[in-house]
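# Structural overview for review
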Amino acid sequence: MYKKLGLNGNALKIIACLSMLIDHVGLMLLPNEIWLRCIGRVAFLIFAFLISEGCLYTKNKLRYFLSVFTLGVICQIGFDLVYKNQVYLGILLTFSLSIILIYLLEQCK
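Residues numbered from 1 in each chain as written. Predicted model: local features only at pLDDT ≥ 70, side-chain atom pairs only at ≥ 80, totals over all residues. Heavy atoms only, no water.

## Quick word on the state of the cysteines
Applying the stated rule across the entire model yields 0 disulfides. Between Cys17, a cysteine without a disulfide, and Cys75, which holds the nearest cysteine sulfur, the sulfur-to-sulfur distance is 12 Å. Classification of Cys17 by relative accessible area gives partly exposed; the value is 40%. Here Cys38 is not disulfide-linked; the sulfur of Cys17 is the nearest cysteine sulfur, at 20 Å. (Disulfide = S-S within 2.5 Å. Buried < 20%, exposed > 50% of the residue type's maximum accessible area, 1.4 Å probe, protein only.)

In structure tokens, the structure reads:
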């Protein structure tokens, strides 16, 4: 009759991207509307979950790490050009560190 309703990885990515968009719109255009920033916080949780799933199911762990790390470095360069005097580690570099920790924990088992 009805298909089982559920969320797959692509649906989660779309939800996370929309949530992140709402967060950034709230930051740039409506900074006094805190509820927009609260909606945006969901994005981090979903992306963190997807990173951990990626670590679990990837076939090439080094390539997975390098792809996240490389994109993180590129985004960090752009962020540093826009916000010159702020010290901030981008989320993709944080996720790269998380990937390393997950792999190290796997080795300790």
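Picking up after the structure, the text goes on.
## Some remarks on helix H3 (residues 61–82)
Spanning 22 residues, H3 covers 32 Å between terminal C-alpha atoms, matching the ideal 32 Å at 1.5 Å per step. Restricting attention to buried positions, one finds in H3 the residues Tyr64, Phe65, Val68, Gly72 and Gln76. With its buried residues spanning 90 degrees around the axis, H3 presents them on a single face. Facing away from the buried side of H3, by more than 90 degrees, are the exposed residues Leu62, Arg63, Ile74, Ile77 and Leu81. Lining the buried residues of H3 we find helix H2 (34–57) and helix H4 (91–108). (Helix = DSSP H or I, 4+ residues; strand = E, 2+ residues; numbered from the N terminus. Expected span 1.5 Å × (residues − 1). Arc of directions from axis to C-beta. Contact = heavy atoms within 4.5 Å.)

## Comments concerning the side chain of Gln76
Summarising the element assignment, Gln76 is placed in helix H3. On the basis of relative accessibility, which here comes to 11%, the residue Gln76 falls in the buried class. Ignoring any residue separated from it by four or fewer positions in sequence, one finds Gln76 in contact with Tyr88, Leu89, Gly90 and Leu93.

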